[in-house]
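Working through the structure, step by step
In case you want the letters, here they are:
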Amino acid sequence: MNTRKPAVRVLGATALAAATLIVSACAPQTTGDSSSDKDEKTGTLRVWLFQEVGNKPKEKVVDAVVAGFEKEHEGTKVDVEYIPVETRTQRVKAAFNDPKSAPDLMEYGNTDTAGYVKDGGLLDVSEEFAAWDEAKDTDPTARQSVTVDGKVYGAPFYVGVRALYYRTDVFDELGLEVPRTMDELASTARRIRAEKPELYGLVVGGAYTYGAMPFVWANGGELAEGKGGSYASAIDSAQAQKGIKAYTSLFSDDNCPVAKCAGMGGNDTVTAFAAGKAGMAIGGDFSHAAVEAGKVKGKYGVVPLPGVKAGTVAPAFAGGNNIGVLESTSHRTLAVELMERLAAKDTQESMFEAMGFLPTFADVRRQAAAKKPYVKPFVETLAAGTKFVPASPAWAQIDSSLVLPTMFQEVVSGKKDVAGASRDAAKKMDAAFGSAG
Amino acid sequence: MTAPARPRARRPRSTTPWLYLAPALVVIGGLLVYPVYQLGLISFFEYTQAQVSGGEPTTFQGFGNYAELFSDEQFWQVLLATVAFAAACVVSTLAAGCALAVLLTRVRAVPRLALMLAALGAWATPAITGSTVWLFLFDPDFGPVNRLLGLGDHSWTYGRLSAFLLVLLEVVWCSFPFVMVTVYAGIRAVPAEVLEAASLDGASQWRIWRSVLAPMLRPILVVVTIQSVIWDFKVFTQIYVMTNGGGIAGQNLVLNVYAYQKAFASSQYSLGSAIGVVMLLILLAVTLVYLRLLRRQGEEL
């Protein structure tokens, strides 16, 4: 046995050394403070925009803006790169970690704003935004989506909202009226399913958070309430529970069977509707192309999702993208100016023509609706008032750890009742708000 | 496991063996020890995206991440599910692999070749492809299985156990070939006269397996069991793809997917590291205990 002793001693010494190392200095790697003091007036500006399905028209609009910008600023080159939407998270994280490879400007999903700000990636452009003459027409929800703690971190690029898609042929055949209240919505859905058992009435998904939230908001519930910069979950309030009940009651054999619908996400519901398997669905303006490409082309209409009372609209989630300047940019003035160009009224107008992205300026949006009637219900939905997720870095965590889908799925699968599931979800949200500040 | 207690013939101490080992040690050090060290290190800090990109300072948490993990009710549920699921997978894989290996020795060349090819095909299929295909086979709307069994639009992924069963089938399907081929090779190496003697004594197939083959194949079985334990405990792709990231309300989460959710989806790298360390320790403990048990038994035999 005595051959072992030195080994033990060495091991002990190594462990001790390792422990000392850990405790003393050897923290995991971090990037130093990424903000740059430089503000160069020439050179290359790097821009990251999202690669859309059918990206050519977008490139055209962007190229025109860039050409104008380069002409005005001699010695400046703009290098635009289109990054795939699926891998954007990794790309953006990498950009924050390595400022040298980071762009000066990037497009980002508006629910990510607070998270990116906390990560120290986005530049505070409050002053420039306030001085920008077009900014006054930005609609309030879009403005909220670039604002964290009263500071502005980018310019809204476009918005996306959801409304109610319905099958005109089915409605005609069954002699149905377009529902005007949430109760009518449910009863209409059940009628469709009863008369046409091969269809879902209103196709719903247990993992379709932004299709479910309008039910909560219409009933007066909220995701969370802001209290002095920090948030507290309100998803278990009486009103919110009412909304959760309204949504989850749609998961039943007389509308959308739990076994099939509990696992569905937003895309699944739109796909089902486009394939002609549902009488109604909640889809976005961005779903228009997918539905047009499906079997139901020419046989559907869109109206704003009805609220609790007749004549009201259920508040929709205002999704969309923003354009922001990265904190690590060494061309601050130029980058902010290019941001304003890319998010300007005329750019948004041509972007709408090219891609169908809804403008973030109320006046530009009205003109757009006049030109293309299909966006009318979405513009009406936006005009009726929309909601946004809490501007907290915790939101990304709540979203990615599937707190809300889990809650809806727990209820529809009968694992928990509404009160229990919403209480647990609120607890998880509060924990996230607490740890992320 | 490196220092055998038995006294050995004295040899002059020399550095030569280390010299020969050096290239391997450098590779292992770089690819194994250093990452594990980093994993352990990160698990003691508050380390999220904000710290990585320098938005906030990195702070030492001691066992804070572990405390958070162990106080999380969901972690224990997931751990229990993982252990039970891995155990079921290991048992099923070994049973299927060994049974088919024995079968291989009993059939003629052509069916043997067919079975081998089928198994190799399953083995060579990437997990993500296999999972997608299985999912499609059992799809409520388009899947041939429901049509064949006349189940209408029964959803296999809705119930907790039925979803786990579906994943188990896929895991067994893609991991039994390794067991089968290895055990088959082992059986081939068993002298024919031993088996002949056993059957002359009137032993049944099962008896031959239990009293003759299994003991002789022990070293091989140990290897495939440990391999299977490690693989099945770490299963990720199948769960992630087939239950859409953890099933209805997270009912089909296993530790690896749970760690992914924590570490990468929500950027809590430190918490994810803590889960990784816990998994490492569990696997190490299971393997050591298993080897220990076997050694003791081996000495008695």
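Cut-offs and rules
- Residues numbered from 1 in each chain as written.
- Chains lettered and ligands numbered in written order.
- Predicted model: local features only at pLDDT ≥ 70, side-chain atom pairs only at ≥ 80, totals over all residues.
- Heavy atoms only, no water.
- Helix = DSSP H or I, 4+ residues; strand = E, 2+ residues; numbered from the N terminus.
- Buried < 20%, exposed > 50% of the residue type's maximum accessible area, 1.4 Å probe, protein only.
- Contact = heavy atoms within 4.5 Å.
- Areas by Shrake-Rupley, 256 points an atom, 1.4 Å probe, with all protein chains shown as cover.
- Lys, Arg positive; Asp, Glu negative; His and termini not counted.
- Charge placed at Lys NZ, Arg CZ, Asp CG, Glu CD.
- Buried area = accessible area lost by both parts, 1.4 Å probe.
- Salt bridge = Lys/Arg side-chain N within 4 Å of Asp/Glu carboxyl O.
- Polar contact = N/O pair within 3.5 Å; in protein donor to acceptor, adjacent residues only side chain to side chain.
- Nonpolar A, V, L, I, M, F, W, Y, C, P; charged D, E, K, R; others polar.
- Pairing = 2+ DSSP bridges.
- Axes fitted to C-alpha atoms, helices over the stretch in contact; angles between N-to-C directions.
- Phe/Tyr/Trp six-rings, centres within 6.5 Å; stacked < 30°, edge-to-face > 60°.
- Disulfide = S-S within 2.5 Å.
- pLDDT = per-residue confidence, 0-100.
- Patch = residues over 30% accessible without salt bridge, like charges linked within 9 Å, V, L, I, M, F, W, Y side chains within 5 Å.
- Right-handed = clockwise from strand over helix to strand, strands pointing away.
- Parallel < 35°, antiparallel > 145°, perpendicular 65-115°, else oblique.
- Left-handed = near helix turned anticlockwise from the far one by under 90°.
- Domains from an automatic or database assignment.

1. Quick word on the overall build of chain B
Of regular secondary structure, chain B possesses 14 helices and two strands. By its C-alpha atoms, chain B is 75 × 75 × 30 Å across when sized along the principal axes. Within chain B, the proportion of its 301 residues that are buried is 40%. Sequence separation of at least 24 residues holds for 67% of the intrachain contacts in chain B that already meet a minimum separation of 6. Per element, the accessible surface of chain B, about 16,900 Å² overall, is 68% carbon and sulfur. On chain B, the mean spot of the 19 positive side-chain charges and the mean spot of the 15 negative ones are 17 Å from each other.

2. A word on the interface of chain B and chain A
Facing the 36 residues of chain B at the interface are 32 residues of chain A. Taken as a group, Ser-53, Tyr-158 and Ala-249 of chain B account for 19% of the area that chain B buries against chain A, more than any other trio of residues on that side. At the boundary of chain B and chain A, one finds one salt bridge. Across the chain B-chain A interface, the total number found is six residue pairs in polar contact (both at pLDDT 80 or more). Counting residues per element, the ones that place at least two in the side of chain B that touches chain A are helix 1 (16–42), helix 2 (49–52) and helix 13 (255–265) of chain B. Broken down by class, the residue content of the side of chain B that touches chain A amounts to 18 nonpolar, 15 polar and three charged.

3. Here's the deal with the sheet that holds strand 8 (residues 200–203) of chain A
The pairing of strands in a sheet comes from backbone hydrogen bonds and takes either a parallel or an antiparallel form. Residue and element names in this part refer to chain A. Read across the open sheet, the four strands follow the order 8-11-7-12; overall the sheet is mixed. If you trace the sheet from one side to the other, it starts and ends with strand 8 and strand 12 (300–303), each paired once. In this sheet, neighbouring strand axes are inclined to one another by 20° on average, regardless of whether the strands run parallel or antiparallel. With five bridges connecting them, strand 7 (residues 162–167) and strand 11 (residues 278–284) associate as antiparallel partners. Paired with Tyr-166 across the two strands is Met-280, which belongs to strand 11. Those strands touched by helix 17 (residues 376–383) are strand 7, strand 11 and strand 12, and its axis lies near 140° from that of strand 7.

4. Examining the packing of aromatic side chains
All names here are of chain A. All chains considered together, the criterion is met by 39 aromatic pairs over all chains. A centroid spacing of 3.9 Å and a plane angle of 15° characterise the contact between Tyr-158 and Phe-357, whose relative ring orientation is stacked. Taken together, the positions of Tyr-158 in strand 6 (residues 155–160) and Phe-357 in the loop between helix 15 (345–355) and helix 16 (362–371) put the pair 199 residues apart, joining distant regions of the chain. Given the relative accessible area of 13%, Tyr-158 is considered buried.

5. Some remarks on unusual backbone geometry
Excluding glycine, a negative phi dihedral is what most residues carry, and trans is how most peptide bonds are arranged. Non-glycine residue Leu-402 of chain A carries a positive phi angle of around 55°. In this fold, Leu-402 of chain A is placed in the loop between helix 18 (394–400) and helix 19 (403–412). With phi around 60°, Asn-244 of chain B is a residue other than glycine that occupies positive phi space. With respect to the helices and strands, the residue Asn-244 of chain B is situated in the loop between helix 12 (237–242) and helix 13.

6. Things to note about the state of the cysteines
Between two cysteines, a covalent bond joining their sulfur atoms is known as a disulfide. Summed over all chains, the structure comprises one disulfide over all chains. Two residues, Cys-256 of chain A and Cys-261 of chain A, share a disulfide whose sulfurs are 2.0 Å apart. Here the disulfide of Cys-256 of chain A and Cys-261 of chain A is left-handed, its torsion about the S-S bond being about -85°. On the basis of relative accessibility, which here comes to 0%, the residue Cys-256 of chain A falls in the buried class. Note on Cys-261 of chain A: relative accessible area 0%, which makes it buried. With no disulfide of its own, Cys-89 of chain B lies 9.2 Å from the sulfur of Cys-174 of chain B, the closest cysteine sulfur. Look at Cys-89 of chain B and you get buried, because its relative accessible area is 0%.

7. Brief notes about the confidence of the model for chain A
Looking at chain A as a whole, the pLDDT averages 87, with 91% of positions reaching at least 70. Considering only residues more than four positions removed or in separate chains, one finds that residues 1–25 of chain A, a stretch of pLDDT under 50, has six contacts.

8. Describing a nonpolar patch on the surface
Residues and elements named next belong to chain B. Taken together, the side chains of Ile-28, Leu-32, Val-33, Val-36 and Leu-280 present a nonpolar region at the surface, about 400 Å² in accessible area. No other element matches helix 1, which puts four residues into the nonpolar patch. With respect to the helices, strands and loops of the structure, Val-36 is situated in helix 1. Judged by its relative accessible area of 36%, Val-36 falls in the partly exposed class.

9. Overview of the pairing of strand 1 (residues 43–51) of chain A
All names here are of chain A. Across nine bridges, strand 1 lies against strand 2 (residues 76–84) in parallel orientation. Across the sheet, Gly-43 pairs through a bridge with Thr-76, a residue of strand 2. Each parallel crossover has a hand, and for strand 1 linked through helix 2 (residues 56–72) to strand 2 it is right-handed. Taken together, the two bridges between strand 1 and strand 3 (residues 105–109) define a ladder with parallel strand orientation. The residue bridging Trp-48 from the neighbouring strand is Met-106, located in strand 3.

10. Points about the packing of helix 8 (residues 160–189) of chain B against helix 11 (residues 218–233) of chain B
Any two packed helices are characterised by the angle at which their axes cross and by the distance between the axes. Residues and elements named next belong to chain B. At their nearest, the axes of helix 8 and helix 11 sit 10 Å apart, and the two run at 165° to each other. Overall, the two elements helix 8 and helix 11 adopt an arrangement that is roughly antiparallel. Crossing of helix 8 against helix 11: the hand is right-handed. Residue-level contacts link Val-171, Ser-175, Phe-178, Val-179, Thr-182, Val-183 and Gly-186 of helix 8 to Ile-220, Leu-221, Val-224, Gln-227, Ser-228, Trp-231 and Asp-232 of helix 11. Here the residues of the contact of helix 8 with helix 11 sort into eight nonpolar, five polar and one charged.

11. Observations regarding the domain arrangement of chain A
Residue and element names in this part refer to chain A. Examined at the domain level, chain A breaks down into domain 1 (43–160 + 319–387) and domain 2 (162–316 + 402–436). Here the C-alpha centroids of domain 1 and domain 2 sit 29 Å apart. In this complex, domain 1 contributes 16 residues to the contact, which on the side of domain 2 involves 19 residues. Carbon and sulfur atoms make up 65% of the area that domain 1 and domain 2 hide from each other, which totals about 1,300 Å². Looking only at domain 1, the three residues that lose the most surface to domain 2 are Phe-378, Thr-381 and Lys-387, adding up to 44% of its buried area. For the interface between domain 1 and domain 2, the tally reads one salt bridge. Across the salt bridge formed by Glu-222 and Lys-387, the nearest N and O atoms sit 2.6 Å from each other. Scanning the region where domain 1 abuts domain 2 turns up two residue pairs in polar contact (both at pLDDT 80 or more).

12. Topic: the environment of Glu-349 of chain A
All names here are of chain A. For Glu-349, the position within the fold is in helix 15. A relative accessible area of 31% places Glu-349 in the partly exposed class. The spacing of Glu-349 and Arg-423 is 74 residues in sequence and 44 Å in space, taken between C-alpha atoms. If we skip the residues at most four places from it in the chain, Glu-349 touches Val-364, Gln-367 and Lys-371.

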